[in-house]
Amino acid sequence: MKWKNRRQNFRSILNGDICVHPASVFDPISARIAEDLKFECGILAGSVASMAILGAPDLVLITLSELTEQAHRINRASEIPLLVDGDHGYGNALNVYRTVEELETVGISALTIEDTALPQSSGNTGGVKLLSIEEGTGKMEAALSARKDSSLAIIGRTSAALTGGLEEAIRRGRAYESAGVDAMFFVGISDAEEIKLLATEFNIPLLLGGNGSGILGDRNFLQSQNVRISLQGHSPFLASVNVIYETLKSLRHETPPKESVGGS
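Residues numbered from 1 in each chain as written. Predicted model: local features only at pLDDT ≥ 70, side-chain atom pairs only at ≥ 80, totals over all residues. Heavy atoms only, no water.

Q: Give me the packing of helix α6 (residues 133–146) against helix α8 (residues 165–179): which residues, what numbers.
A: Where α6 contacts α8, the axes come no closer than 9 Å and their chain directions differ by 30 degrees. One finds that α6 runs roughly parallel with respect to α8. In the packing of α6 onto α8, the handedness of the crossing is right-handed. Taken together, the residues of α8 that come into contact with α6 (itself represented by Ile-133, Gly-136, Thr-137, Met-140, Glu-141 and Leu-144) are Arg-171, Arg-172, Ala-175, Tyr-176 and Ala-179. (Axes fitted to C-alpha atoms, helices over the stretch in contact; angles between N-to-C directions. Helix = DSSP H or I, 4+ residues; strand = E, 2+ residues; numbered from the N terminus. Parallel < 35°, antiparallel > 145°, perpendicular 65-115°, else oblique. Left-handed = near helix turned anticlockwise from the far one by under 90°. Contact = heavy atoms within 4.5 Å.)

This is the structure in structure tokens:
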């Protein structure tokens, strides 16, 4: 299949002047629905992929091959540009290289690589741990080196704002921007003044994670601050699980299908 057009469409989002909310998708049918509803792009998050593929929480149990297969199914079923959460690249810089190769082959339009130390060590109760900035930069460089199609977007991601504050997040973002990433994804930023500061510090487009509430739902403000993508959380998957549960529960109690949730 030809992937260039959808990658160029994603690039047009990064290079444009508006902020979009991506559709949180997890399988072919959810991607088709998002496409039908005219979402500009979709995102396959690591947490959602883990639940959809394994029925397990996001503990980095999912493998690269499983993630790649799911991304391929989504891309075969729709033409919506797909941003994939590449987590930490499933290992060191060499693993990151392989991650980009595999995901690029199945047609994704963009992927994030983060500087979180994953999987967490056994017994860790101290929350999120980050790699050294040198190792994080090395992973970004590996991802960029692995890319064959220049239209594929490589996005750096950091949760440093949650652990070391905004100053540390900016320091890491600058290093990854210098390495050549196409955009920076900051997790844990939800204050207007912090977003304004980020906008003055970076020349590349910004992505923000969250649930779309408060300032993260104000697209007019965000687009004025060079934020091109702002997440709204991953409620579609949770909603689908709830509907399946209620429908099966009704059927288990021998409620006629037409009376069950979503039945006909």
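Q: Lay out helix α5 (residues 93–105) with the relevant residues and their values.
A: Counted at 1.5 Å a residue, the expected span for α5 with its 13 residues is 18 Å, and the 19 Å between its end C-alpha atoms agrees. Along α5, the residues that are buried comprise Val-96, Thr-99, Val-100, Leu-103 and Glu-104. Projected down its long axis, α5 carries its buried residues within an arc of 120 degrees, all on one side. α5 presents Leu-94 and Thr-105 as exposed residues on the side facing more than 90 degrees away from its buried surface. Those residues of α5 that are buried are in contact with α1 (4–14), α4 (64–77), β3 (82–85), β4 (110–114), α6 and β5 (153–158). (Expected span 1.5 Å × (residues − 1). Buried < 20%, exposed > 50% of the residue type's maximum accessible area, 1.4 Å probe, protein only. Arc of directions from axis to C-beta.)

Q: Please give an account of unusual backbone geometry that cites residues and values.
A: Unusually for a residue other than glycine, Asn-226 sits at a positive phi of about 70 degrees. Turning to its location among the elements, Asn-226 is positioned in the loop between α10 (219–224) and β8 (227–230). One non-glycine residue, Glu-254, lies in the positive phi region at around 60 degrees.

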